[in-house]
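What the coordinates show
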Amino acid sequence: MVIFCDVETKTEFRLVTNLPDDGEAAVSDDEIRDIYRLRWGVELFWKLLKMYLKLDRWISKNLNFIAIQLYASLIAASNFTSDIYSRAMGNKLLDKIHYI
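Residues numbered from 1 in each chain as written. Predicted model: local features only at pLDDT ≥ 70, side-chain atom pairs only at ≥ 80, totals over all residues. Heavy atoms only, no water.

The final tally for this structure, using the stated rule, is two aromatic pairs. Measuring from ring centre to ring centre gives 6.2 Å for Phe13 and Tyr36, while their planes differ by 55°; the resulting arrangement is tilted. Separated by 23 residues along the polypeptide, Phe13 in strand β2 (residues 11-15) and Tyr36 in helix α1 (residues 29-52) bring together distant segments of the chain. Residue classification places Phe13 among the partly exposed positions, given a relative accessible area of 26%. Between Phe45 and Trp46, the aromatic rings sit 6.1 Å apart at their centres with planes inclined by 65°, giving edge-to-face as the arrangement. (Phe/Tyr/Trp six-rings, centres within 6.5 Å; stacked < 30°, edge-to-face > 60°. Helix = DSSP H or I, 4+ residues; strand = E, 2+ residues; numbered from the N terminus. Buried < 20%, exposed > 50% of the residue type's maximum accessible area, 1.4 Å probe, protein only.)

Written out as structure tokens, the structure reads:
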């Protein structure tokens, strides 16, 4: 069990892992914490894809088609967010480029 505290949120985390804690392949508590944070970032990214880009169902089981679906959704989301950003910032040049 690894216990660490997030100072900013004053939250204590307790993680149970089967990674080795002794010998040559030992993983330190700090490394486990970093791995957990990275994994949590991936989980949040997939949650975003599922909720906002409706990628909770794949149209095909073909790996190439899944990649195309994923890229198309990311491009659409990028265009959508850049459009919102340009309108919020009042950038006339970006608005003209979007309409072209």
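Let's pick the thread back up.
So, on to unusual backbone geometry. The backbone of Lys10 shows a phi angle near 55°, a positive value even though the residue is not glycine. In this structure, Lys10 sits in the loop between β1 (2-6) and β2. Given a relative accessible area of 73%, Lys10 falls into the exposed group.

Glancing now at the environment of Trp58. Take Trp58: it is sitting in the loop between α1 and α2 (63-89). Among the residues examined, Trp58 registers a relative accessible area of 35% and is labelled partly exposed. When the C-alpha positions of Trp58 and Leu70 are compared, they lie 9.1 Å apart, and in sequence the two are twelve residues distant. Residues contacting Trp58, with those up to four places away along its chain left out, are Trp46, Ile66, Gln69 and Leu70. (Contact = heavy atoms within 4.5 Å.)

By the bridge criterion, five bridges tie β1 to β2 in an arrangement that is antiparallel. Considered in β2, the bridge of Asp6 is made with Thr11. The antiparallel pairing of β1 with β2 creates a hairpin that spans four residues between the two strands, and Lys10 there sits at a positive phi of about 55°. (Pairing = 2+ DSSP bridges.)

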